[in-house]
Amino acid sequence: MAQDVIIIGGGPAAMSAALYLLRSGKKVLLLEKEAFGGQIAESPRLENYPSIQSISGLEFSDNLFNQIMGLGAEFELEEAESIEKKGDAFLVHTNYQTHEAKAVILATGVKHRKLGNPREEELTGHGISYCAVCDGDFFSGKDVVLIGDANTALQYALLLAGKCHHVTICTLFDRFFADEILVEAMKKVPNISYRHNLNTKEFKGSPDLTSVVFTNTVTREEEEFPCAGAFIAIGQIPDNDRYANLVELEKGFIKANEKMETKTPGLFAAGDCRVKGVRQVVTAVNDGAIAGLSAANYLNTLK
Ligand SMILES: Cc1cc2nc3c(=O)[nH]c(=O)nc-3n(C[C@H](O)[C@H](O)[C@H](O)COP(=O)(O)OP(=O)(O)OC[C@H]3O[C@@H](n4cnc5c(N)ncnc54)[C@H](O)[C@@H]3O)c2cc1C
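Small disclaimer: the values here were computed from a predicted structure and weren't measured.

### What about the site of the ligand?
In the neighbourhood of the ligand, 34 residues make up the surrounding shell, with Gly-9, Gly-11, Gly-38, Gly-109 and Gly-271 lying closest. When residues of the shell around the ligand are traced back to their parent elements, those giving at least two are α1 (12-23), α5 (151-161) and α7 (281-301). Across the shell around the ligand, the residue classes tally to 13 nonpolar, 13 polar and eight charged.

Structure representation (structure tokens):
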């Protein structure tokens, strides 16, 4: 068997699991479908990780990536499409090939929630984006609309305000659901404005976005905001249905116990992808460390 453990994901949970496994002398392959770092790589500032006052999400991820590479981690940029258990072995089928390992850790995080608007998909990459850190530079000096009302939306707005001409935050309800410190910071930025009670109706423009039309939920009138970009930050959802043959899911999140064990021996889950109360980097790396050690212990019990 080529690998001791396959870790699906390349975010903080996955890389922390790899760190603990590699230091236990196990052979590890990480599968990442997009880019190493996971969600935190999208954040301009990580300021609530104990002992680090402030660091960019990208630098944090790079440090972790370099740490595990230095210990001999292997990785492939592939998407895990399904997992099969064959005797004591796990077969992980990706979009390119099949890998085999004695244990698997799922650290798949969450993905961006979509509005479900008819032209959303067509205009993604043509003005619509879900990641201000990745795409903000494309809108330098331009007007953008930010759809969302919580921490990520406000972090995005603050980041975009440093690049764009003007940022208009549009929220569905009559308030923000973000940390007060972020709301206050946002209110002090002169090129950010916000509007409440707006429900996204239509994206206009072809081939590129030119405006977003909202329905005002109080007045019932239409309001159109000309813009070059629309950033959608309305939350995240899990993507674990493809593993439902081997794990128990609750609203799409994976159920795991304190040792990060799922219902299938040898299959573990860590980080934002599992049922848990707090989804943060610090809890993701905690899960990763536990999953890594639990997987190492599991391997030691195999003949
Ligand atoms: C803009 C933003 C700002 C944030 N700011 C903070 C902050 O300040 N402090 C804080 O503590 N937390 C913050 N968070 C939350 C934090 O980033 C997450 O809690 C943390 O990244 C979760 O780590 P994870 O490894 O569980 O999952 P993720 O970071 O989501 O990583 C999962 C990885 O798995 C990959 N993957 C998924 N499915 C597959 C598959 N089938 N095959 C291969 N790869 C797959 C994904 O591409 C992704 O890279 C922020 C999040 C965002 C979006």
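Moving on, there is more to tell.
### Focus on the domain arrangement of the protein
Parsing the protein into structural domains produces domain 1 (3-110 + 238-301) and domain 2 (120-232). Here the C-alpha centroids of domain 1 and domain 2 sit 32 Å apart.

### A word on the sheet that holds strand β14 (residues 222-226)
Spatial ordering of the open sheet is given by β12-β13-β14, a layout of three strands whose pairing is antiparallel. Looking along the sheet, the strands with just one partner apiece sit at the ends: β12 (198-204) and β14. Averaged over all pairs of adjacent strands, the angle between strand axes in this sheet comes to 25°, irrespective of strand direction. Bridging between β12 and strand β13 (residues 211-216) involves six bridges; their strand directions are antiparallel. Directly across from Lys-204, in β13, lies its bridge partner Ser-211.

The rules behind the values
- Residues numbered from 1 in each chain as written.
- Predicted model: local features only at pLDDT ≥ 70, side-chain atom pairs only at ≥ 80, totals over all residues.
- Near = placed C-beta within 6 Å.
- Helix = DSSP H or I, 4+ residues; strand = E, 2+ residues; numbered from the N terminus.
- Nonpolar A, V, L, I, M, F, W, Y, C, P; charged D, E, K, R; others polar.
- Domains from an automatic or database assignment.
- Pairing = 2+ DSSP bridges.
- Axes fitted to C-alpha atoms, helices over the stretch in contact; angles between N-to-C directions.

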